[in-house]
Amino acid sequence: MKAAVIESVGRAVVTEVPDPTPGPREVVVEVAACGLCGTDLHILQGEFAPKLPIVPGHEFAGQVVGVGGQVTEVAVGDRVAVDPSLYCFECRYCRTGHNNLCERWAAIGVTTAGGAAQYAVAPVANCVKLPEHVRTQDAALVEPLSCAVRGYDVLRSRLGAHVLIYGSGTMGLMMLELAKRTGAASVDMVDVNPARLETARRLGVTASAVNADELDRPQGWDLVVDATGNAAAIQDGLGRVSKAGTFLQFGVADYATRVTIDPYRIYNQEITITGSMAVLHSFERAAELFANGVLDPEVFISDRIPLERYPAALEQFAAGVGRKIVVVP
């Protein structure tokens, strides 16, 4: 079968790899679409994946075309979205409900072959059936949405909060859509990319700007979310949190990123700084929200690119052109 392979740092190719074979409790999924994510860029840069080469792609959906001998939950022909998370269920963090912090954490498309291919293998427990009205080609959005749902779990936001989001890429826009549905009084957005800000305005952001100084909230925001991973954005956002407010590090920064905090201000103003790591008990809820129309795929997916052009798709994504880019085998 054809698959994209990140062979070494900075090099991605499309090549032939062996067809996958399911284990007893696994299924083979014929991939309908696989989304690109910042994690894929980190893997390309030599981060995250424990070893190369690797078939990337942790945001995917497709049709079941093969099942292991002990699989009863799904059948050939079922359409599914796949949660890429792989946990040991044995370590301290798994036993205390923090599976996303598993000491042996792994993920399809990061530590094992992923969905940037014609076919992918997944544990049946990670597959969520799609209702008839959901297009399989759109359901690659369920995985990033599940990360956003987890982000709002961490925030425990209250009704009437004023929210500021840095970054109007896919994840920032998803956080916008969830903020609107969790009772935010206002949702403002900052981005240096005018085209992406235009999409935020289309989705009903309260106000948008290339610099938070342009926004009229001198007292700060109750919730500040960084969806960029950019040091300058994070540093600026930390200074925009109101008294008793919360800063969420949601964007994935590279390992070398550093910012400065003000410990006295954190103490004196009771500011909370927290993070949200991937998916945790949120994939099924994201699938239901998606099925109920929380996102418009035609707005969120800007490009559907053939798998053969995976390296070019990565370059486009890295350049910040478009919104969610999916590759289609």
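Attention here is on the structure that accompanies the text. Model, not experiment: these values are computed from the prediction.

Rules used in this analysis
- Residues numbered from 1 in each chain as written.
- Predicted model: local features only at pLDDT ≥ 70, side-chain atom pairs only at ≥ 80, totals over all residues.
- Heavy atoms only, no water.
- Core = buried A, V, L, I, M, F, W, Y, C linked by side-chain atoms within 4.5 Å.
- Buried < 20%, exposed > 50% of the residue type's maximum accessible area, 1.4 Å probe, protein only.
- Helix = DSSP H or I, 4+ residues; strand = E, 2+ residues; numbered from the N terminus.
- Contact = heavy atoms within 4.5 Å.
- Salt bridge = Lys/Arg side-chain N within 4 Å of Asp/Glu carboxyl O.
- Phe/Tyr/Trp six-rings, centres within 6.5 Å; stacked < 30°, edge-to-face > 60°.
- Lys NZ or Arg CZ within 6 Å of the ring centre and 35° of its normal.
- Axes fitted to C-alpha atoms, helices over the stretch in contact; angles between N-to-C directions.
- Parallel < 35°, antiparallel > 145°, perpendicular 65-115°, else oblique.
- Left-handed = near helix turned anticlockwise from the far one by under 90°.
- Nonpolar A, V, L, I, M, F, W, Y, C, P; charged D, E, K, R; others polar.
- Pairing = 2+ DSSP bridges.
- Arc of directions from axis to C-beta.
- Polar contact = N/O pair within 3.5 Å; in protein donor to acceptor, adjacent residues only side chain to side chain.
- Patch = residues over 30% accessible without salt bridge, like charges linked within 9 Å, V, L, I, M, F, W, Y side chains within 5 Å.
- Areas by Shrake-Rupley, 256 points an atom, 1.4 Å probe, with all protein chains shown as cover.

A separate point is the nonpolar core. Counting 49 residues, the largest nonpolar core has Leu 145, Ile 165 and Leu 176 as the members making the most contacts within it. The biggest single contributor to this core is helix α3 (residues 142-155), with eight residues. Setting aside residues up to four positions removed in sequence, Leu 145 forms contacts with Met 174, Leu 178, Ala 286, Leu 289, Phe 290, Val 294 and Leu 295. By size, the runner-up hydrophobic cluster in this structure holds 37 residues, among which are Ile 6, Ala 12, Val 64 and Val 82.

Pairs can form between side chains of opposite charge once their charged atoms are near each other. With the rule as written, the count across this model stands at 16 salt bridges. Glu 298 is the salt-bridge partner of Arg 135, the closest N and O atoms lying 2.9 Å from each other. Residue Arg 135 is found in the loop between β9 (127-129) and α3, and its partner Glu 298 is found in helix α9 (residues 297-300); the two are separated by 163 residues along the sequence. Between Glu 198 and Arg 201 there is a salt bridge, with its nearest N and O atoms 3.3 Å apart.

Below, the discussion takes up the environment of Cys 91. Checked against the element boundaries, Cys 91 lands in the loop between β6 (85-86) and α2 (92-95). The sequence separation of Cys 91 and Ala 184 amounts to 93 residues, and the corresponding C-alpha distance is 37 Å. Beyond its immediate stretch of four places on either side in the chain, Cys 91 contacts Cys 102, Glu 103 and Arg 104.

Tracing the sequence through the fold places Pro 18 in the loop between β2 (11-16) and β3 (26-35). When the C-alpha positions of Pro 18 and Lys 2 are compared, they lie 8.7 Å apart, and in sequence the two are 16 residues distant.

What the rule picks out here adds up to three aromatic pairs. The ring of Tyr 93 has Arg 92 lying over it, and the distance from NZ or CZ to the ring centre is 5.5 Å.

All right, on to the packing of α3 against helix α8 (residues 283-291) then. Running from N to C, α3 and α8 point in directions that differ by 115 degrees, and their axes come no closer than 8 Å. Taken together, the axis directions place α3 and α8 in an arrangement best described as roughly perpendicular. In terms of crossing hand, the pair formed by α3 and α8 is right-handed. For the pair α3 and α8, contact is made by Val 142, Glu 143, Leu 145, Ser 146, Val 149 and Asp 153 and by Phe 283, Arg 285, Ala 286, Ala 287, Leu 289 and Phe 290, respectively. Here the contact of α3 with α8 is built from residues that sort into eight nonpolar, one polar and three charged.

Looking now at the pairing of strand β5 (residues 79-82). Note: strand β4 (residues 59-67) against β5, four bridges, orientation antiparallel. From the neighbouring strand, Gly 62 faces β5, where its bridge partner is Val 80. Pairing analysis gives three bridges linking β5 to β9, with the strands arranged antiparallel. Of the residues in β9, the one forming a bridge with Val 82 is Cys 127.

Of all the residues in helix α6 (residues 231-238), the buried ones are Ala 233, Ile 234, Gly 237 and Leu 238. Buried positions in α6, seen along its axis, are confined to an arc of 130 degrees and lie on one side of it. Contacts from the buried residues of α6 go to β10 (162-166), β13 (221-226), β14 (241-249), α7 (263-268) and β15 (272-275). Where α6 begins, the side chain of Asn 230 points an oxygen toward the backbone nitrogen of Ala 232, at a separation of 3.0 Å.

So, on to a nonpolar patch on the surface. Taken together, the side chains of Tyr 93, Leu 101 and Met 277 present a nonpolar region at the surface, about 240 Å² in accessible area. Tyr 93 sits in the partly exposed class, given a relative accessible area of 30%.

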